[in-house]
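Report on the structure
Residue strings, one per chain:
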Amino acid sequence: MTQNSLALYMHFPFCLKKCGYCSFISYPDKLESVPDYVNCLKKEIKLRAEGLCLHSLYFGGGTPSLLSPSQVADIMSSIQTVSHLLPGTEITFEANPGTLSLPYLEQLSGLGINRLSLGIQSFSDAELTMLGRLHDAQQARHIYKQARTAGFDNINLDLIYGLPHSTLLSFKANLSEMLKLEPEHISLYGLTLEEDTPMYLQVQKGLLPFMDSEIAADQYQLAEEMLESAGYHHYEISNWAKQGYESHHNLTYWQNRPYLGLGVAGHSFFQNWRTANTIDLDEYLLCWQNNSTPAPSENINVDLANQLAETIILGLRLDKGVSAEDIEARFGTCVMDMYYPQIQECVELGLLEEHDGCIRLTPRGRLLSNEVFWRFLP
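Here's a quick rundown of the structure. (Residues numbered from 1 in each chain as written. Predicted model: local features only at pLDDT ≥ 70, side-chain atom pairs only at ≥ 80, totals over all residues. Heavy atoms only, no water.)

1. Quick notes on the overall build of the protein chain
The helix and strand inventory of the protein chain stands at 16 helices and 15 strands. For 378 residues, the compact-globule estimate of 2.2 N^0.38 gives 21 Å, and the protein chain sits close to it at 21 Å. When each of the 378 residues of the protein chain is scored for burial, the buried share is 52%. Long-range pairs, those at least 24 residues apart, make up 70% of the contacts in the protein chain with a sequence separation of at least 6. The average position of the 25 basic charges and that of the 45 acidic charges among the side chains of the protein chain differ by 5 Å. (Helix = DSSP H or I, 4+ residues; strand = E, 2+ residues; numbered from the N terminus. Rg over C-alpha atoms; globule rule 2.2 N^0.38 Å. Buried < 20%, exposed > 50% of the residue type's maximum accessible area, 1.4 Å probe, protein only. Contact = heavy atoms within 4.5 Å. Lys, Arg positive; Asp, Glu negative; His and termini not counted. Charge placed at Lys NZ, Arg CZ, Asp CG, Glu CD.)

Below, the structure is given as structure tokens:
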């Protein structure tokens, strides 16, 4: 990563089935559009990524593992033709265990994909069924081992806590199963349900219980203890890694550095502008097929005051927190002076701590991070 390099995210809004908790932009009934989408994405890459220096690529979704190896190769070639990839560029590929095989994984590895992110979510078959996942726990373990056989030595596993019916004991079993696999990186996400998701409606109808926030907090604290004991560094609120395996791509977001998001619903922060692509797949395809650029759904110039606030809020997600020296070098202001009342209030509440010219969240602050973040908004 250099001062002038960017992270490139590409969204693939296709899936075989919409999971019950998912609010991401994805279409389970338009797989026939994948070839056209790849061709349109290549046009967007040529227009928007030309001449850029990149330190990370991220295939996200949806389910990128529905792409054929030849389509992945086509996209990679398009990027390499117009952009410069720094040596050691991190190239992450999100995948659903229910869509993978050993030959597919071997071809991905051969294309230069060097980081795999598997959406395991749970090692309980009952929980996987409730979530609407296509795989079972045995299949998840099997695919993980096949990824190792295919040569992947940097694997992230996603797990969800705070599920309906889950207990501290059941979540401990999930964590234990995950730790047996020894992934390099672990992402833990508390279940949140948007109003348009099937699981939200099930909760509202009483078919599923409301999530217990106290149990979710206990599960999070249990994860902190177990993962630390297993040698994982809790470097960001929701992420743990073995030494040297922190996500370069996501660190770009948390450090509020420039990134480019391509494809349907792609979000970018570049040259002080925050933009978002259309979420309408048909509009995206029609425009690019006619060699026109779809109108962005968001296009906002971010002034320095908001950049400063966002940099502090995002930086506080990291375990090292926010350095007064870094903020002054970047924005020409002293965070300790400018936000003195907010910082002192949070320190007194036990949400922040000051250490060697840095401010960072306490363990309690990580659980109540939103109580800290809003205080720094302009």
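Having seen the structure, we can now continue with the description.
2. With respect to the pairing of strand S15 (residues 358-361)
What you see with S15 is a clean split: Ile359 and Leu361 sit on the buried side and Cys358 and Arg360 on the side with no burial. As paired strands, strand S13 (residues 322-323) and S15 are joined by 2 bridges and run antiparallel to one another. Looking across to S15, one finds that Val322 is bridged to Ile359. Linking strand S14 (residues 352-355) back to S15 in an antiparallel pair, the connection comprises 2 residues, with Asp356 at a positive phi of about 50 degrees. (Pairing = 2+ DSSP bridges.)

3. Remarks on the state of the cysteines
On inspection of all chains with the given rule, the structure shows 0 disulfides. Looking at Cys19, it has no disulfide partner, and the nearest cysteine sulfur is the one in Cys22, 6.3 Å off. Unpaired in terms of disulfides, Cys287 finds its nearest cysteine sulfur in Cys40, a separation of 9.3 Å. Taking relative accessible area as the criterion, Cys287 reaches 17% and is therefore assigned buried. (Disulfide = S-S within 2.5 Å.)

4. So, unusual backbone geometry
Residue Gly62 follows Gly61 across a cis peptide bond; omega there is 20 degrees. With respect to the element layout, Gly62 can be found in the loop between strand S2 (53-61) and helix H2 (69-82). Phi angles above zero are rare outside glycine, and Asn272 is one such case at about 70 degrees. Examined against the element boundaries, Asn272 turns out to sit in the loop between strand S10 (267-270) and strand S11 (273-276). Residue classification places Asn272 among the partly exposed positions, given a relative accessible area of 38%.

5. Details of the sheet that holds S13
The antiparallel open sheet is built from 3 strands, whose spatial order is S13-S15-S14. The two strands at the open ends of the sheet, each matched to only one other strand, are S13 and S14. Here helix H14 (residues 340-348) sits on the sheet and contacts S14 and S15; the angle it forms with S14, its principal contact strand, is near 110 degrees. (Axes fitted to C-alpha atoms, helices over the stretch in contact; angles between N-to-C directions.)

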